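Structural characterization, general
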Amino acid sequence: MAVSTSFAGAKLEALFLKSSSSRASPSSQLPSIFGKPIRSRKSLIQRGAVVPLRPVRCEVAASDVSIQTDKLSALEQLKASAADRYTKERSSIVVIGLSVHTTPVEMREKLAIPEAEWPRAIGELCGLNHIEEAAVLSTCNRMEIYVVALSQHRGVKEVTEWMSKTSGIPVSDLCEHRFLLYNKDATQHLFEVSAGLDSLVLGEGQILAQVKQVVKVGQGVVGFGRNISGLFKHAITVGKRVRTETNIAAGAVSVSSAAVELALLKLPGTSHATAKMLVIGAGKMGKLVIKHLAAKGCTKMVVVNRTEERVAAIREELKGVEIIYKPLTEMLTCAAEADVVFTSTASETPLFLKEHVKDLPPVGAEVGGLRRFIDISVPRNVGSCVTDIEAVRVYNVDDLKEVVAANKEDRLRKAMEAQAIIAEESKQFEAWRDSLETVPTIKKLRAYAERIRLAELEKCLSKMGDDLPKKTKRAVEDLSRGIVNKLLHGPMQHLRCDGSDSRTLSETLENMHALNRMFSLETEISVLEQKLRAKVESQK
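Residues numbered from 1 in each chain as written. Predicted model: local features only at pLDDT ≥ 70, side-chain atom pairs only at ≥ 80, totals over all residues. Heavy atoms only, no water.

**Concerning the overall build of the chain**
Note the following rule: For helices the rule is a DSSP run of H or I covering at least 4 residues; for strands it is a run of E covering at least 2, with both sets numbered from the N terminus onward. Throughout this description, buried means an accessible area under 20% of the type-specific maximum (1.4 Å probe, protein chains only), exposed means over 50%, and partly exposed covers the range between. Contacts are residue-level and defined by heavy atoms, with any inter-residue pair within 4.5 Å sufficient. Exposure was quantified through the Shrake-Rupley algorithm and a 1.4 Å probe, taking into account, for residues, occlusion by the shown protein chains and nothing else.
When its secondary structure is counted, the chain shows 21 helices and 10 strands. The buried share of the chain, taken over its 540 residues, is 48%. Across the chain, every contact between residues at least 6 apart in sequence was considered, and the portion connecting residues at least 24 apart equals 74%. When the accessible surface of the chain is totalled, it reaches about 26500 Å², and 54% of it is carbon and sulfur.

Now the structure itself:
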């Protein structure tokens, strides 16, 4: 195999050296690569698995170098070995995730990335040696990073170390709680997330809006590439289809409605109509809390927000409910008068700490003598230290499990209906992704034909003399293009498919390999060079 030296700079040498040196001692990677198996998918990495070392291979084309293999430098052997492995390993879609099912909120809040920071995170992730594309899905219930990796193991290692660096959480702790999914399993997982099957509240609609936001924010961001973009767009289609064709959304509750249910569950039954409610934050989550409180019969509540505009809009929607606006500066005063405090702001630091709450006046006996904080924000708005106060109870998003555990059988039945749709859509996406393999061959074949056309055209025109009229010259050029296009039409048609027909896809891939052999297109080597050159250029 010929390895081009035209793009082998210092950064590329470092890339190859890093790849090869890490491969030389796989046991040293075990703590950071092999996490605790916490899902039942076949593709989850099992702890203790050690990949045997393969002998270093080095095949160098005679046209590239004239020295013998046994005289190659160690660096050249490492380069060739790493490059050979990449050509045999297709880029993988990988998800490295921590969710409400596997990770406590104390860790998730450190990992949370605000929406405004997603483009920066994508750029940093794609700056890692083995990552081509990336996307971030960060919500109150999950922190998931989707990447297209040149190497699964090295990609996972680099992303995990990046997460550790940005959050301050040790790699060992991340490995204990994270889950890893690859290719088909990663695709199915995102489809389940978008459909609401992986949510704490089955079928909740907010997660679909969050998946849409990933696509919206990613548009135009370098690194939010064809594979990841296609995956998230397909996930949106799946989420819509599941909600349209099944009754999974019928009677489904959101995180906000579950928070209201939890508050009512913890309050004495006789105090539901009289308890004083305070909602801090009038964003999407806060608005839903207000609406669900109104639906449960609450006719008066105080809403604290940075500005009054959003509160006024909610007040217009809920005509029969008395909604009192207070600015953020009066938050503690309002909390002193409230029995239940809901918090749902985007603040990255706690709004309530022990010193803020300990001196608040006690609440009445009709609500059990306990002031309750229902915190559905991630990062949390109520510090964990507040739980030390005897007359206070603090609940966060992890405590909502108590509410959503009800009707478990009905939840499982609805999930099974949706799984059939997800399985079908997963096959379609994988077929589409497989069909992308022919794109480099199409480009190479057309470039190959174009080189021949130009060479033969130049010969022809030189024989016809320098005084050839422009009209005649243009006619000859058009003739050459027409002949090439006619000849390429058949092969091109057999290299294109929409990915929806597995038989057609299989034939297309066979045609691709046949054309590569017949015309010596060396697509794999070309793709390798493009990937590594792009990686080197991005790091300059």
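**A word on the sheet that holds strand β8 (residues 340-343)**
Cut-off, in case you're wondering: For two strands to be treated as a pair, DSSP must find no fewer than two bridges joining them. Fitted lines through C-alpha atoms serve as axes, helices being fitted only where they are in contact, and the angles separating the N-to-C directions of these axes extend from 0 to 180 degrees.
With parallel pairing, the 6 strands of this open sheet are ordered in space as β7-β6-β5-β8-β9-β10. Here the strands that pair on one side only, and so sit at the sheet edges, are β7 (322-327) and β10 (392-395). On average, each strand axis in the sheet is inclined to that of its neighbour by 20 degrees, with strand direction left out of account. Pairing geometry for β8 and strand β9 (residues 371-375), over 4 bridges, is parallel. When the bridges of β9 are listed, Val340 appears paired with Arg372. Helix α11 (residues 255-266) contacts β8, β9 and β10 of the sheet and is inclined by roughly 160 degrees relative to β8. Where helix α13 (residues 309-317) meets the sheet, its contacts fall on β6 (300-305) and β7, and the angle it forms with β7 comes to roughly 180 degrees.

**Overview of the sheet that holds strand β2 (residues 131-138)**
Spatial strand order, β2-β3-β1-β4: 4 strands in an open sheet with antiparallel pairing. In this open sheet, the two strands that pair with only one neighbour each are β2 and β4 (179-182). Shown here is a sheet whose adjacent strand axes are inclined to one another by a mean of 15 degrees, direction ignored. One ladder, built from 7 bridges, connects β2 with strand β3 (residues 142-149); its direction is antiparallel. Each bridged residue has a counterpart across the sheet, and for Glu133 the counterpart in β3 is Val148.

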